[in-house]
Amino acid sequence: MKKLYRSTSNRMIAGVCGGVAEYLNIDPTVVRVIWAITSIFAFVGVVAYIACAFIIPEKPDNTIIDAEQ
């Protein structure tokens, strides 16, 4: 099952748009432009971004730590 995470590599502010883009397999710039237009014409975009920054967890590291070392 695919999970939604905030991006740690494609981030500008909190990684929300980068994470959504990774989840949808699209360019992060497209998500950022859509989010910016939504924020300009309706303040809902700003509120939604802030809410997502707190709700969506950050993507965990892909490194495996050996417990015996």
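These numbers were taken from a predicted model, which means no experiment stands behind them.

## Some thoughts on unusual backbone geometry
Turning to step 1, where the next piece is worked out: In this structure, Asn 25 takes a positive phi of about 60° despite not being glycine.
Turning to step 2, where the next piece is worked out: Within the secondary structure, Asn 25 is located in the loop between helix H1 (16–24) and helix H2 (28–41).
Turning to step 3, where the next piece is worked out: Judged by relative accessible area, which is 64%, Asn 25 ranks as exposed.

## Re the packing of aromatic side chains
Turning to step 1, where the next piece is worked out: All chains considered together, the criterion is met by one aromatic pair.
Turning to step 2, where the next piece is worked out: Judged by centre distance (5.6 Å) and plane angle (85°), the ring pair of Trp 35 and Tyr 49 falls under edge-to-face. Remark: Tyr 49 occurs in helix H3 (residues 44–55) and Trp 35 occurs in helix H2; sequence separation between them is 14 residues.
Turning to step 3, where the next piece is worked out: Assessed through its relative accessible area of 16%, Tyr 49 is described here as buried.
Turning to step 4, where the next piece is worked out: Sitting over the face of the ring of Tyr 23, Lys 2 holds its NZ or CZ atom 5.3 Å from the ring centroid.

## A look at the packing of H1 against H2
Turning to step 1, where the next piece is worked out: Relative to each other, H1 and H2 sit at 125°, their axes nearing to 8 Å. Considering the angle they form, H1 stands oblique to H2. For the pair H1 and H2, the crossing hand works out as right-handed. Side by side, H1 and H2 meet where Val 16, Cys 17, Gly 18, Val 20 and Ala 21 of the first sit next to Pro 28, Val 31, Arg 32 and Trp 35 of the second.
Turning to step 2, where the next piece is worked out: Grouping the amino acids of the contact of H1 with H2 by side-chain chemistry returns seven nonpolar, one polar and one charged.

## A closer look at the pattern of salt bridges
Close approach of charged atoms lets side chains of opposite charge pair.
Turning to step 1, where the next piece is worked out: One pass over the structure, following the stated rule, counts two salt bridges.
Turning to step 2, where the next piece is worked out: A salt bridge links Arg 11 to Glu 58, with the shortest nitrogen-to-oxygen separation between them at 3.1 Å. One end of the pair, Arg 11, is in the segment before H1; the other, Glu 58, is in the segment after H3, and 47 residues separate them in sequence.
Turning to step 3, where the next piece is worked out: With a relative accessible area of 39%, Glu 58 lands in the partly exposed category.
Turning to step 4, where the next piece is worked out: The residue Glu 22 makes a salt bridge to Lys 59 at a minimum N-O spacing of 3.8 Å. Of this pair, Glu 22 sits in helix H1 while Lys 59 sits in the segment after H3, and the two are 37 residues apart along the sequence.
Turning to step 5, where the next piece is worked out: You can call Lys 59 partly exposed: its relative accessible area is 35%.

The rules we used
Residues numbered from 1 in each chain as written. Predicted model: local features only at pLDDT ≥ 70, side-chain atom pairs only at ≥ 80, totals over all residues. Heavy atoms only, no water. Helix = DSSP H or I, 4+ residues; strand = E, 2+ residues; numbered from the N terminus. Buried < 20%, exposed > 50% of the residue type's maximum accessible area, 1.4 Å probe, protein only. Phe/Tyr/Trp six-rings, centres within 6.5 Å; stacked < 30°, edge-to-face > 60°. Lys NZ or Arg CZ within 6 Å of the ring centre and 35° of its normal. Axes fitted to C-alpha atoms, helices over the stretch in contact; angles between N-to-C directions. Parallel < 35°, antiparallel > 145°, perpendicular 65-115°, else oblique. Left-handed = near helix turned anticlockwise from the far one by under 90°. Contact = heavy atoms within 4.5 Å. Nonpolar A, V, L, I, M, F, W, Y, C, P; charged D, E, K, R; others polar. Salt bridge = Lys/Arg side-chain N within 4 Å of Asp/Glu carboxyl O.

Shape descriptors only; they carry no functional weight alone.
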